[in-house]
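# Chains, contacts and geometry: an overview
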Amino acid sequence: MYLTKEEERIYDGEYGWAKQVCIKILVKLGDLFGAERLISIDSAHVSGVSYKNMGDVATGFIEAIADAGGKAVVNTTINPQSFDAKYLVKKLPRELLDAQLRIIRCFERMGVKLSYTCTPYYIESPPKGAHLAWAESSAVVYANSVLNAWTNREGGPSALAAAIIGKTPNYGMHKAENRNPSLIVELEQPLRNDLEYGALGILLGRVLKDRIPLIKGVENAPNDMLKQLGAALASTGMTNMFHYHINQKVENLEKMTVGATDIKRAIEELTTSGGKKPDLIFLGCPHCSINEIKQIATYLNGKKMARSLEVWICVSPFIKEKAKGYIYKIEQSGAKVLTGTCAVVTWTDKLGIETIMTNSAKTAHYAPTLNKAKVILAPLKECLKTAITA
Ligand code: F3S
């Protein structure tokens, strides 16, 4: 890969160990995927923040970079952590909190924004056509497909390396020729709710692997629905983008049809509770938008949660601040608004939670392994109805 004189100096260690390690990670990736050079990025988003997902080895890597003076040189945000400041800090063991704080202090020293969210685009939407180095697969699909920004699906270490160098190798989704659809997906019936968008993502992710589809019939879908579709798509496959504007010129592309029965089957496969009642209702995967918070607050206004279960609504600290009035209404109902974390990146099993009800197909896909939990997948409204009647 071609390096500028300045990049060569970084590579040779003239700017210290942290930068040297970071550029070596980027060059290794670039060589692997055939990039000819590094390109500047507008922002980075780092995953691998929750101690539950990282463990001690990955923590040691981040600590070494921070100790060596690594600093983010572009706008850098981070994914959710394992705790929120209000509820989970009181409920989970102190040593887990200490381990999480060790990671957070590293990010703080590296000058990243402590955003703790998988929806960094609500804080600041990247400009159209901007090159990014984002980890967090749901945000990657959303950025490429809905925001028209350009990013590969980074891993935690490569996103951090890009943040510290301010560049990323130019391959994959950074090249216009790799962003075209290679097949058309037609829906036999319109999708009716968040759940069906998620289910479509789950089944497309499985069959597409990494191919980019043009999905017909979702061109007027609200962004919250496209967020569910993209998050699910990324959880079962490696596709980093979908197209959904039908005015796009496409010729002679392979076609695939998705019927109502396919969607129904995908939902049924993800529902593993076997009739058991939920211990936890979890909404906000990916983290809620203001619009979703408003919808939840409007529904719960004046109502009370059933005593028999926990209800978690997960948001970023940014959205919590922006939507104070709605958050107040939600909390008055007895539902908990958890900030900067989510059910998947914390230890629900240590809280005795065995069955999770959610509207998120992504959570439904991961919860059986990452939370050792059974799942009930249902639309937002049904989750809320259960929250007050269970
Ligand atoms: Fe975000 Fe947690 Fe879902 S990080 S995408 S809410 S699994």
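Just so we're clear, the structure is a prediction, and the values are computed from it rather than from any experiment.

So, how was this worked out
- Residues numbered from 1 in each chain as written.
- Predicted model: local features only at pLDDT ≥ 70, side-chain atom pairs only at ≥ 80, totals over all residues.
- Heavy atoms only, no water.
- Helix = DSSP H or I, 4+ residues; strand = E, 2+ residues; numbered from the N terminus.
- Buried < 20%, exposed > 50% of the residue type's maximum accessible area, 1.4 Å probe, protein only.
- Areas by Shrake-Rupley, 256 points an atom, 1.4 Å probe, with all protein chains shown as cover.
- Pairing = 2+ DSSP bridges.
- Axes fitted to C-alpha atoms, helices over the stretch in contact; angles between N-to-C directions.
- Contact = heavy atoms within 4.5 Å.
- Core = buried A, V, L, I, M, F, W, Y, C linked by side-chain atoms within 4.5 Å.
- 1 Å grid on protein atoms, 1.4 Å probe; cavity = no way out; pocket = protein on both sides within 12 Å on 5 of 7 lines; lining within 4 Å.
- Points joined across faces, edges and corners; volume = space filled by probe spheres on them.
- Nonpolar A, V, L, I, M, F, W, Y, C, P; charged D, E, K, R; others polar.
- Near = heavy atom within 4 Å.
- Sits in = over half its atoms within 2 Å of the grid points.
- Parallel < 35°, antiparallel > 145°, perpendicular 65-115°, else oblique.
- Left-handed = near helix turned anticlockwise from the far one by under 90°.
- Salt bridge = Lys/Arg side-chain N within 4 Å of Asp/Glu carboxyl O.

### Structural notes on the overall build of the protein chain
- Per the secondary structure count, the protein chain includes 15 helices and 14 strands.
- Looking at the protein chain residue by residue over its 390 residues, the buried ones come to 57%.
- As displayed, the protein chain has an accessible area near 16,500 Å², and 51% of this comes from carbon and sulfur atoms.

### Regarding the side chain of Asn240
- Mapped onto the elements, Asn240 comes out in the loop between α9 (223-236) and β9 (254-258).
- Owing to a relative accessible area of 12%, Asn240 belongs among the buried residues under this scheme.

### Overview of the sheet that holds strand β4 (residues 131-134)
- A sheet is described by the order of its strands in space; here four strands give the open sequence β3-β2-β4-β5, paired in parallel fashion. Strands at the two margins of the open sheet, each flanked by one partner only, are β3 (75-78) and β5 (150-153). The sheet shows a mean angle of 20° between the axes of neighbouring strands, taken without regard to direction.
- Taken strand by strand, helix α7 (residues 156-165) contacts β2 (43-46), β3 and β4, and its axis lies near 150° from that of β2.

### Some points on the nonpolar core
- If you look at the biggest cluster of nonpolar residues, it comprises 102 residues, and the most contacted ones within it are Phe107, Met110, Leu200, Leu204, Val218, Val258 and Phe282.
- Broken down by element, this core gets its largest block of residues, eight residues, from helix α8 (residues 194-208).
- When neighbours within four sequence positions are excluded, Met110 is seen to be in contact with Ile62, Ile65, Ala66, Gly70, Lys71, Ala72, Leu160 and Ile164.
- Ranked by size, the runner-up nonpolar core spans 26 residues in total, among them Ala306, Ile330, Ile376 and Ala387.

### What to know about the layout of surface pockets
- In this model, the largest pocket occupies a volume close to 460 Å³.
- For the largest pocket, the lining is made up of 23 residues, of which Asn53, Asn79, Glu136, Val345 and Lys362 are closest to its centre.
- Mapped onto the lining of the largest pocket, the elements with two or more residues apiece are α3 (51-67), α6 (137-145) and α14 (361-371).
- The dominant element in the lining of the largest pocket, judged by the number of residues it contributes, is α14, at four residues.
- Here the lining of the largest pocket is composed, by residue class, of eleven nonpolar, ten polar and two charged.

### Regarding the site of the ligand
- Lining the immediate environment of the ligand, one finds Pro80, Cys118, Glu136, Ser138, Gly284, Cys285, Pro286, Cys342, Val344 and Lys362.
- In this structure the site holding the ligand corresponds to the largest pocket.

### A word on the packing of α8 against α9
- At a closest axis distance of 7 Å, the pairing of α8 and α9 adopts a crossing angle of 30°. By the angle class used here, α8 and α9 are roughly parallel. By crossing handedness, the relation of α8 to α9 is classed as right-handed. Of the residues in α9, those in contact with Asp194, Tyr197, Gly198, Leu200, Gly201, Ile202, Leu204, Gly205, Arg206 and Leu208 of α8 are Met225, Gln228, Leu229, Ala232, Leu233, Ser235 and Thr236.
- Of the residues that constitute the contact of α8 with α9, the class distribution is nine nonpolar, six polar and two charged.

### Thoughts on the sheet that holds strand β11 (residues 310-315)
- Ordered by their spatial adjacency, five strands build an open sheet running β12-β11-β10-β13-β14, and the pairing between neighbours is parallel. Each edge of the open sheet carries a strand with a single partner, namely β12 (336-339) and β14 (374-377). Direction aside, neighbouring strands of the sheet carry axes that sit 30° apart on average.
- As judged from the four bridges shared by strand β13 (residues 355-358) and β14, these two strands associate in the parallel manner. Looking across to β14, one finds that Met357 is bridged to Ile376.

### Some words on the packing of α6 against α9
- Running from N to C, α6 and α9 cross one another at 125°; their axes reach a closest spacing of 8 Å. One way to sum up the angle between α6 and α9 is to call them oblique. Where α6 crosses over α9, the two elements pack in a sense that is right-handed. For the pair formed by α6 and α9, the contact residues are Ser137, Ser138, Val141 and Tyr142 on the first element and Asn223, Lys227, Gly230, Ala231, Leu233 and Ala234 on the second.
- Residue composition of the contact of α6 with α9, grouped by class: five nonpolar, four polar and one charged.

### Regarding the pattern of salt bridges
- Tallied over the full model, the rule gives 23 salt bridges.
- The closest approach of N and O atoms between Lys91 and Glu310, which form a salt bridge, is 3.8 Å. Placement of the pair is Lys91 in helix α4 (residues 88-91) and Glu310 in strand β11, with a sequence separation of 219 residues.
- With a closest N to O distance of 3.0 Å, Glu354 and Lys276 form a salt bridge. Of this pair, Glu354 sits in the loop between β12 and β13 while Lys276 sits in the loop between α10 (260-270) and β10 (280-283), and the two are 78 residues apart along the sequence.
- Looking at Glu354, the relative accessible area reads 47%, which means it is partly exposed.
- Overlapping salt bridges bring together Glu36, Arg37 and Lys175 as one network.

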